[in-house]
Amino acid sequence: MIDKLKNIRPLYKGIVLIVLSAFFFALMNMFVQLSGNLPSLQKSFFRNFVAFLFAGIILVRDGERIQIPANAVLPLILRASFGTAGVLCNFYALGQLDLADASILNKMSPFFAIIFSVILLKEKIKPVQIIIVAAAFAGAMLVVKPSFANADTVPAFAGLFGGMCAGIAYTFVRMLGQKNVKGAVIVFFFSAFSCAVTLPFLIVGFVPMSWQQLIFLLLAGLSAAGGQFTITAAYCHAPAREISVYDYSQIIFAASLGFMVFGQIPDILSWAGYTIICSMAVIMFLYNKKKRALSEN
């Protein structure tokens, strides 16, 4: 499929790839929930170990040498560090929240990617965009429903923090793409880093698993590998401000899978939050499209 996209403009490549990544990550979240009550560190290790093997096989098959420019080493380490933190927070949230709630909080990452693109990549942001990002955070609070009486408040904030870490990580992915670091190398390094970080905790606190749980974690890892490769390629082809809106297709996938597999139906405040966040994503996309059209005239 990737070969057929070679003749399409980079923007459209990014759109197709980011929708594919949304589907893969929705599957990953579903399999993580199906794996049951296991430690987040254990889930994270298996998720990233499969992606590590997958990326390694691709590098060997393509005869790729792992070449990292000196000025890309620190961004690569930071991408892996924030990415690992994001995965751990997301998996913790998935163990406590409905699939759609955990997914929408993680999907705050494109808004965080825009914020940190301004800070790290010196990309410009307009007052209108600031308002849109602020409104998206307001929508996230409807999902979080912060309250001392709400048992889901802590995992919800963990999910939101995971979205922030993912947004920072994807900003570094964009930076690495600009430095011509190949997507397979980025995925390979991130997966190896994450496995190295979580392995000691896995050895000390390993919880025995059934064969069914192991299969679900392996499927989560395969889905994560597909999501990592497609989203890495997407952000290497196009800026976050151009394609991030399409990442919200994961909410459709997550809500559908949550209902069909778990019978989960989000409450009215969550639906209101989904609507606000997705609406802000669409408005941001339309604003950027109009701005780009005016600059080309």
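These numbers come from a predicted model, not from an experiment. (Residues numbered from 1 in each chain as written. Predicted model: local features only at pLDDT ≥ 70, side-chain atom pairs only at ≥ 80, totals over all residues. Heavy atoms only, no water.)

**Student:** Mind showing me how you'd approach the confidence of the model for the protein here?
**Tutor:** Do not read the fine detail of predicted coordinates wherever pLDDT is low. On average, residues of the protein carry a pLDDT of 82, and 93% of them reach 70 or more. Of all secondary-structure elements in the protein, the lowest mean pLDDT belongs to helix H10 (residues 240–243), at 70, while helix H3 (residues 73–94) reaches the highest, 91. (pLDDT = per-residue confidence, 0-100. Helix = DSSP H or I, 4+ residues; strand = E, 2+ residues; numbered from the N terminus.)

**Student:** Hey, could you run me through the environment of Gly86 in this one?
**Tutor:** Locating Gly86 in the fold gives a position in helix H3. Along the primary structure Gly86 and Met28 are separated by 58 residues, whereas in three dimensions their C-alpha atoms are 14 Å apart. What Gly86 contacts, discounting residues up to four positions off in sequence, is Gly162 and Cys165. (Contact = heavy atoms within 4.5 Å.)

**Student:** Help me out: how do you make sense of the nonpolar core in this one?
**Tutor:** The nonpolar side chains of a soluble globular protein tend to be buried, and buried together. The biggest cluster of nonpolar side chains holds 73 residues, and the ones touching the most others in it are Ile104, Leu105, Met108, Phe111 and Ile243. Examining the composition of this core, we find that 11 residues originate from one element, helix H1 (residues 10–34), more than from any other. What Ile243 contacts, discounting residues up to four positions off in sequence, is Leu11, Gly14, Ile15, Ile18, Ala234, Tyr235 and Ala238. (Core = buried A, V, L, I, M, F, W, Y, C linked by side-chain atoms within 4.5 Å. Buried < 20%, exposed > 50% of the residue type's maximum accessible area, 1.4 Å probe, protein only.)

**Student:** Teacher, can you tell me more about the state of the cysteines here?
**Tutor:** Note on terminology: disulfide describes a covalent bond linking the sulfur atoms of two cysteines. Applying the stated criterion to the full structure yields 0 disulfides. Cysteine Cys165 remains unbridged, with the sulfur of Cys89 as its closest cysteine sulfur at 5.5 Å. (Disulfide = S-S within 2.5 Å.)

**Student:** Explain the packing of H1 against helix H9 (residues 211–237) to me, please; I cannot follow it from the model alone.
**Tutor:** The geometry of H1 relative to H9 is characterised by a closest axis approach of 7 Å and an angle of 160° between their N-to-C directions. Here H9 runs roughly antiparallel to H1, going by the angle between their axes. The element H1 and its partner H9 pack so that their crossing is left-handed. Residue composition of the contact of H1 with H9, by class: 19 nonpolar, 8 polar and 1 charged. (Axes fitted to C-alpha atoms, helices over the stretch in contact; angles between N-to-C directions. Parallel < 35°, antiparallel > 145°, perpendicular 65-115°, else oblique. Left-handed = near helix turned anticlockwise from the far one by under 90°. Nonpolar A, V, L, I, M, F, W, Y, C, P; charged D, E, K, R; others polar.)

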